[in-house]
Amino acid sequence: MRLRLRASDPWPWPLLRRLCVLFPVHAQQAATWQAGRSNPQVSAISMRLVNCFSKAFGHRAWMGGIQPRKQAGKGIAAAQQRAPAKLRAVRTTEPHASDADRRSGERRVEDTATRLASRSPARHKPHILPLDWGWMAAVIAACVMVSALASSGLPSVPVAIAATVGAIMALAGGRLARLERELEQPSRGVEVLAWIAILAPMATIGFVVGDWSLHGALDWRWACAGLVTTTALAASLLSGRIIQQLSSQAVCWLPVVALDGQFASFAALAVGAICSVLVGQHQLKLAYRRSKRDQERERIRNRAEDILRDYEETGQGWFWETDRRGLLSYISPSAASTLGRSSDALVQRPFIDLFDLRADASDGERTLTFHLSSRSSFKELGVKARVIGEDRWWSISGRPAYDSFGNFLGFRGSGTDLTEKKRSEESVHRLAQFDSLTGLANRFQMHQSLEKILHSPVEAQRECSVFLLDLDRFKQVNDTLGHPAGDALLKQVAQRLERTVGKEGRVGRLGGDEFKIILPGRVSRERLSQLAQEIIASLSQPYSIEGQRVQIGASIGIAIAPENGGTTEAIIRNSDLALYAAKDGGRGRFHFYSDNLHSAAEERASLEEALRDAIANGSFELHYQPVVNAADSNIAGFEALLRWNHPAKGWLSPDKFIPVAEEAGLILAIGSWVIRTACADLARWPEDVRCAVNVSPLQFSDPQLPSIITNALAAAQINPSRLELEITESVFLGDDAGTDAMFTALKRIGVRLALDDFGTGYSSLGYLKRAPFDKIKIDQSFVRGATQAGSRNGAIITSITSLAKSLGMDTTAEGVETLDELELVRNLGCSHVQGYIYSKAVPFDAALGYIIDGPAMRASGFRSARPPRQSVLRKIVLEHDGQFYNGTIRNISGGGAMIEGLWNVPPGTRFNIAIHANLIVRAASIWSKEHRMGVKFDTPLEVDNVGMPRIGSEEDRAPVRRMDQDAA
């Protein structure tokens, strides 16, 4: 745009138009320089005034006072040279880094270098010459033209030469300013030339105006106005350079004073110079302080920028900003790259387009839309990013932004990546709901599923069936093949269960080798039985584990809701009871829950609680059964037998409570008490009397058993050989090394060892070879019936006694009850006899009485063994020589009966006995005493599988009959 003088304008106006053209340029530079150290609102108002002033004169294109930036490439290169060595050597500090890491490092170095380049001017002293100093040539020309117009004449030759030289120096100053910036470290000569380029034009202006005013026709008022305007414009161009401003003003007035030559002029110039120096010094101090504050603010701003930029570049989070329409005005490059776009491509796009806002979107997306529409703040809102090919989750926070007048500007906020956290939460949720090994539902989820069914609001939907399944022989697989093989087997079991059950129910693993199946709805017992059989058959098929053939089984307990319980706890407990019943029945089978199972479980729990109280209160007693020498019937010792007087049930047999004590883990405490008590009682007997104590297999495997025996013997102060430990063959089923070590430890103490119940378990001659037994006890099952014709028990007893004698061991025949059995075992070579033929187990005082009255004991019992008898109370009719008599059978066996109702019947009297309408037997009396007699049947009655005679229907063959039943 060119400046033209219009002829119609009055002569002062062209000068004013030129001044107004030049003034906004430097005024805007001054306002821009002041922006960093003044109120932003004031600076903004100043800039607006300058813009409006410039626009009023139509010269907006001249406004551009901010110094142009250096070339990008050169700035980066220079900044890289100024960067610290550790920043320039990123490539060599990590020689093993990947290409991606090296490229990332290079980009960060370039970004850092760019920031250093952009910040470097603020960290160094300002250049001597401003880039727009060349405009002083126009100022000189304008000054000459205005002076010519004001004086209505042309300048003199010296004035014209001075003005030309000054303009050329000003133009050269603009070129010199660019050279000064291109040089990283300007030389002293360049600095001298820069000062000359500033001072020479100012001196020429002073010479032109002063010479023209003093020796020409220029009015002094115009001369003063020209000098003031010129120095003001120069000060504007030299903004921020206090020394250059003061020096240029002094040099501008110096020619005028020199041309005037008066002392007052020099004095005024000196006073002005002194004042300028003082003002300049004060301005330098203010500028220094201002520079310090600006540098500190810039350091804080740069540090904040670096932190935020590093936060973005490291992927820890990202930032975003929208305008009032909800369109993006900024988004971090890291977030844009995740979406597969660039930041520029996403700008001016709707913010909600970054997220998946489909109809099935989560609450996070719907909440985001609400916050954006209501212009309310939100924090850590989980949303799904719109990333193609993968699920990406973000957590975003934002708040609305307003200007000083309360106008809504948009939203600003940040975001972080939630994907890994989301996946971790899903993994934790899956681990909480599913079994990590098999992938089936775990105990917690199966419990929840059952709870949901049983608490359904619709009563008809509360019906279900529960299978509790336990694998048979799974422990053997773990012990032989190892736990990895066991895990592989469990996976195959889970697959077979899911295939067999299918969609009928849900399969879950409770832990270990226990599984649960829930069948919702009502299912018939026939279908449940069929499904249970299918599951057992499927799981019993062979498996291939690590190239080996493995075969296991399964037992199943079944409970049905609501018949077997209406709560989760009741159904699980009852299915567990049914499972135990299936295992007790032989494994590999299923069992439905019944009420008697619960009664048995409650009885067992009650018995266990009473056992614990008995241990704490010392309610047990030891009874002693004599062990007699077979040769002379002298007492050789006693066997200690545990007795318990239950508070409610009276005396209980050990067969009833010992298994419960073993399952509850109480047998160790009971066994220790028995050993201590037996030793204490043994100390009160003669030295030649021994005492035998039964040792449970669980007690035998206890490493503390030798120390318990040693302490008991020491406390009683008895010879260890007087204590005899009776051990069953089941102890050999465990760890061979541990069993041998225990035998060695016990023999080292000096106690005797007896093999109890020999021949009834896993009898093996290898046991006698391995274990140092002192005695073998022949089980009573071989003694009973040994005297009957055709029995092989006698041959077995003979073999055992012969073997024991060869090995130097004693033999004890247990369960001898009749005189013929006693005679038989003596003849077969047994060294000791134990049984009711001498005495049952008696308390300690009675046993002590046997010793005092002894040493020999007298055998007392039946002459021979009798077959099993059944106690009955049955009305019968007896016929003898045509006479009929009424009688009552009190007990009966297959060979005879005891009858009441007939007095003093001679032995040998024959009767026809009508037991019931369809059973009449012939018999003869063999003894009679008062109103009772014993009869022997001519033909033995048919007996059942337990030896009881079949004398009628199932109801008639009840073990015990009540009087009212018989009367009916």
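Here the residue numbers are simple positions, counted from 1 along each chain's written sequence. Predicted model: local features are reported for residues with pLDDT of at least 70 only, side-chain atom pairs are reported and counted for 80 or more only, and whole-chain, interface and lining totals are derived from all residues. Side-chain figures throughout are based on the complete set of non-hydrogen atoms in the structure, without hydrogens or water.

Labelled according to an unreviewed UniProt entry, the chain appears under the name EAL domain-containing protein, originating from Parerythrobacter lacustris.

Asker: Hey, could you go over the overall build of the chain for me, with residue numbers and the actual values?
Answerer: Note on conventions: DSSP H or I runs of at least 4 residues are helices, E runs of at least 2 residues are strands, and numbering of each starts at the N terminus. Along its length, the chain carries 33 helices and 27 strands. Think of it in three bands: residues with accessible area under 20% of the maximum for their type are buried, residues over 50% are exposed, and the middle band is partly exposed, with areas taken using a 1.4 Å probe on protein chains only. Across the 968 residues that make up the chain, the buried fraction comes to 42%. Residues count as neighbours in contact if any of their non-hydrogen atoms are within 4.5 Å of one another. Sequence-distant contacts in the chain: of pairs separated by 6 or more residues, those separated by 24 or more amount to 62%. Here, Shrake-Rupley sampling with a 1.4 Å probe gives the accessible areas, and only protein chains in the shown set may cover a residue. Total accessible area on the chain stands at roughly 52,400 Å², and carbon and sulfur atoms take up 55% of it.

Asker: Account for the packing of aromatic side chains, naming residues and giving values.
Answerer: Any two rings among Phe, Tyr and Trp, with Trp reduced to its six-membered ring, count as a pair given centres within 6.5 Å; such a pair is stacked if its planes are under 30 degrees apart, edge-to-face if over 60, and tilted if neither. Per the counting criterion, the structure on display carries 20 aromatic pairs. Here Trp 320 and Phe 351 contribute two aromatic rings whose centre-to-centre distance is 4.1 Å and whose plane-to-plane angle is 20°, an arrangement assigned as stacked. Note that Trp 320 is positioned in strand E1 (residues 318–322) and Phe 351 in the loop between helix H14 (343–346) and helix H15 (363–374), a separation of 31 residues in sequence. An aromatic cluster of at least three residues, connected via ring pairs, comprises Trp 318, Trp 320, Phe 351, Phe 355, Phe 378, Trp 394, Tyr 402, Phe 408 and Phe 411. By the criterion adopted, a ring carries a charge over it if an Arg CZ or a Lys NZ lies within 6 Å of its centre and within 35 degrees of its normal. A cation over a ring is seen here: Arg 496 above Tyr 543, with NZ or CZ 3.6 Å from the ring centre. The side chain of Arg 525 reaches across the aromatic face of Phe 592, ending 4.1 Å from its centre.

Asker: Give a detailed account of the sheet that holds strand E4 (residues 392–402), specifying residues and quantitative values.
Answerer: Strand pairs in the sheet, formed through backbone hydrogen bonds, run parallel or antiparallel to each other. A pair of strands is labelled paired if DSSP reports no fewer than 2 bridges between them. Across the sheet, five strands lie side by side as E2-E1-E5-E4-E3; this open sheet has antiparallel pairing. Looking at strand neighbours, the two that pair on one side only are strand E2 (328–331) and strand E3 (378–385), the edges of this open sheet. Direction aside, neighbouring strands of the sheet carry axes that sit 25° apart on average. Note on method: axes are straight lines fitted to C-alpha atoms, helices fitted across the in-contact stretch only, with angles between N-to-C directions ranging 0 to 180 degrees. Most of the contacts of helix H12 (residues 263–313) go to E1, to which it runs at about 105°, and overall it touches E1, E2 and strand E5 (408–417).

Asker: Kindly report on the sheet that holds strand E7 (residues 506–511), identifying the contributing residues and their values.
Answerer: Taken together, five strands build an open sheet; the order of strands is E7-E8-E6-E11-E12 and the sheet is mixed. Each edge of the sheet is formed by a strand with only one pairing partner; in this case those strands are E7 and strand E12 (590–592). Averaged over neighbouring strand pairs, the angle between their axes works out to 20° when direction is ignored. In terms of strand pairing, strand E11 (residues 553–561) meets E12 through three bridges, oriented parallel. Each residue of the ladder has a partner; that of Ile 556, found in E12, is Phe 590. Where helix H17 (residues 443–454) meets the sheet, its contacts fall on strand E6 (464–472), E7, strand E8 (514–520) and E11, and the angle it forms with E8 comes to roughly 25°.

Asker: So what's going on with unusual backbone geometry? Which residues, and what values?
Answerer: In this structure, the amide linkage connecting Ala 561 to the following residue, Pro 562, adopts the cis form with an omega of 5°. Take Pro 562: it is sitting in the loop between E11 and helix H21 (568–584). One non-glycine residue, Asp 881, lies in the positive phi region at around 50°. On the secondary structure map, Asp 881 appears in the loop between strand E22 (870–880) and strand E23 (883–892).

Asker: Any details on the confidence of the model for the chain? Residues and values, ideally.
Answerer: Looking at the chain, the pLDDT average stands at 79 and 82% of residues meet or exceed 70. The score called pLDDT rates the predictor's confidence residue by residue, from a low of 0 to a high of 100. This stretch, residues 100–105, has a pLDDT under 50; its non-local contacts, to residues over four places away or in other chains, come to three contacts. Here residues 120–124 is a poorly scored stretch, pLDDT under 50, and it has six contacts once near neighbours within four places are set aside; other chains count.

Asker: Let's hear about the pattern of salt bridges: which residues, and what values?
Answerer: When a carboxyl oxygen of Asp or Glu is within 4 Å of a side-chain nitrogen of Lys or Arg, the pair counts as a salt bridge. Tallied over the full model, the rule gives 32 salt bridges. For Lys 777, the salt bridge goes to Glu 639, with nearest N and O atoms at 3.1 Å. Here the residue Lys 777 occupies a position in strand E19 (residues 775–778), and Glu 639 occupies one in strand E14 (residues 635–646), the gap between them amounting to 138 residues. As far as burial versus exposure is concerned, Lys 777 and Glu 639 are alike and both buried. It is possible to trace a salt-bridge network through shared partners that takes in Arg 604, Glu 608, Arg 612 and Glu 663.

Asker: Tell me about helix H26 (residues 705–716), and name the residues and values.
Answerer: For H26, with twelve residues, the first-to-last C-alpha span of 17 Å sits near the 16 Å given by 1.5 Å per residue. Residues of H26 that are buried include every one of Leu 705, Pro 706, Ile 708, Ile 709, Ala 712, Leu 713 and Ala 716, and no others. Around the axis of H26, the buried residues are gathered within 165° of arc, so they sit on the same side. Facing away from the buried surface of H26 by more than 90 degrees, the exposed residues are Asn 711, Ala 714 and Ala 715. Backbone geometry just downstream of H26 places Gln 717 in the positive-phi region, at approximately 55°. One less than the residue count of a helix, multiplied by 1.5 Å, gives the span that helix is expected to have. Think of the arc as the fan of directions from the helix axis to the C-beta atoms.

Asker: Account for helix H30 (residues 793–806), with residues named and values stated.
Answerer: Taking 1.5 Å of rise per residue, the 14 residues of H30 would be expected to cover 20 Å, and the 20 Å separating its terminal C-alpha atoms lies within 8% of that figure. Buried within H30 we find Asn 793, Gly 794, Ile 797, Ile 800, Thr 801 and Ala 804. On an axial view of H30, the arc spanned by its buried residues comes to 125°, and they lie on one face. Buried positions along H30 lie against strand E18 (752–758), E19, helix H29 (780–783) and strand E20 (810–813). The positive-phi residue at the C-terminal boundary of H30 is Gly 808, with phi of around 75°.

Asker: Tell me about the UniProt feature "transmembrane region" (unreviewed entry) in the chain, and please be specific about residues and values.
Answerer: UniProt positions are given in the numbering used here, feature names are shortened, and annotations may be inferred rather than shown by experiment. The sites that carry the UniProt feature "transmembrane region" (unreviewed entry) are, in the present numbering, residues 133–151, 157–177, 189–208, 220–238 and 250–279. Structurally, residues 220–238 is divided into 95% helix and 0% strand, and its ends, taken at the C-alpha atoms, are 26 Å apart. For the annotated span residues 250–279, helix accounts for 93% and strand for 0% of the residues, and the straight-line distance between the end C-alpha atoms is 13 Å.

Asker: So, the packing of H21 against helix H22 (residues 595–617): which residues are in play, and what are the values?
Answerer: Packing of H21 against H22 brings their axes to within 10 Å, and their N-to-C directions diverge by 90°. It follows that H21 is roughly perpendicular to H22 by the angle criterion. Listed contacts from H22 to Arg 573, Asn 574, Leu 577, Ala 578 and Ala 581 of H21 are Leu 597, His 598 and Ala 601. Broken down by class, the residue content of the contact of H21 with H22 amounts to five nonpolar, two polar and one charged. Reported orientations rely on four angle classes, namely roughly parallel under 35 degrees, roughly antiparallel over 145, roughly perpendicular from 65 to 115, and oblique for the rest. Only Asp, Glu, Lys and Arg are considered charged in this grouping, and only Ala, Val, Leu, Ile, Met, Phe, Trp, Tyr, Cys and Pro are considered nonpolar; every other residue, Gly among them, is considered polar.

Asker: Which residues make up the packing of helix H18 (residues 474–481) against helix H19 (residues 483–501), and what values go with them?
Answerer: At a minimum axis distance of 7 Å, the contact between H18 and H19 shows a crossing angle of 140°. As the angle between them shows, H18 and H19 are arranged oblique. Of H19, the residues touching H18 (which contributes Phe 474, Val 477, Asn 478 and Leu 481) are His 483, Ala 485, Gly 486, Leu 489 and Leu 490. For the contact of H18 with H19, the residue count by class is six nonpolar, three polar and no charged.

Asker: I'd like a description of the nonpolar core, backed by residues and values.
Answerer: The nonpolar side chains of soluble globular proteins are, as a tendency, buried together. Counting residues in hydrophobic clusters, the biggest one holds 77 residues, and the most contacted among them are Trp 685 and Ile 709. For this core, the leading source of residues is helix H24 (residues 667–682), giving seven residues. Non-local contacts of Trp 685, meaning those with residues more than four positions away in its chain, are made with Tyr 624, Phe 638, Arg 690, Cys 691, Arg 722, Phe 844, Ala 847, Leu 848 and Ile 851. We define a nonpolar core as any set of buried Ala, Val, Leu, Ile, Met, Phe, Trp, Tyr and Cys residues linked to one another through side-chain atoms lying within 4.5 Å. Met 136, Cys 143, Val 159 and Val 256 belong to the second-largest nonpolar core, a separate cluster that totals 36 residues.

Asker: An account of the state of the cysteines is requested, with residue identities and associated values reported.
Answerer: Sulfur atoms of two cysteines make up a disulfide when they are within 2.5 Å. One pass over the structure, following the stated rule, counts zero disulfides. With no disulfide of its own, Cys 679 lies 7.7 Å from the sulfur of Cys 691, the closest cysteine sulfur. Take Cys 679: its relative accessible area is 0%, and that puts it in the buried class.

Asker: Can you lay out the environment of Asn 407 for me, pointing to particular residues and giving the numbers?
Answerer: Within the secondary structure, Asn 407 sits in the loop between E4 and E5. Classification of Asn 407 as partly exposed rests on a relative accessible area of 42%. Put simply, Asn 407 and Arg 324 are 83 residues apart on the chain and 9.2 Å apart in space, counted from C-alpha to C-alpha.

Asker: I'd like a rundown of the pairing of E11, residues and numbers included.
Answerer: Within E11, nine of the nine residues are buried, leaving the element largely enclosed by the surrounding structure. Burial of the side chains of E11 extends over both faces: Gly 553, Ser 555, Gly 557, Ala 559 and Ala 561 are buried on one face and Ala 554, Ile 556, Ile 558 and Ile 560 on the other. In this sheet, E11 lies alongside E6 in antiparallel orientation, the contact comprising nine bridges. Opposite Leu 469, over in E11, you have Ile 556 as the bridge partner. As a crossover connection, the stretch from E11 through H21 into E12 is left-handed. Think of it like this: strands point away, you trace from the first strand over the helix to the second, and a clockwise trace means the crossover is right-handed.

Asker: Requested: an account of the side chain of Asp 211, with residues and values cited.
Answerer: Structurally, Asp 211 can be placed in helix H9 (residues 188–215). For the buried Asp 211, no salt bridge exists, and the shortest N-O distance to an oppositely charged side chain is 19 Å, to Arg 221. If sequence neighbours within four positions are ignored, Asp 211 has contacts with Ser 156, Val 159, Gly 216 and Leu 259. Working convention for charge: Lys and Arg count positive, Asp and Glu count negative, and His plus the chain ends are omitted.

Asker: Residues and numbers for the pairing of E23, please.
Answerer: Pairing of E22 with E23, which is carried by nine bridges, proceeds in the antiparallel orientation. Following the sheet pairing, Arg 874 is matched in E23 by Ile 889. Here E22 folds back onto E23 in antiparallel fashion, the turn holding two residues, of which Asp 881 has a positive phi close to 50°. In this structure, E23 lies alongside strand E24 (residues 896–900), joined through four bridges in antiparallel fashion. Across the sheet, the residue bridging to Ile 892 is Ala 897, located in E24. Hairpin remark: E23 followed by E24, antiparallel, with three residues in the connecting loop.

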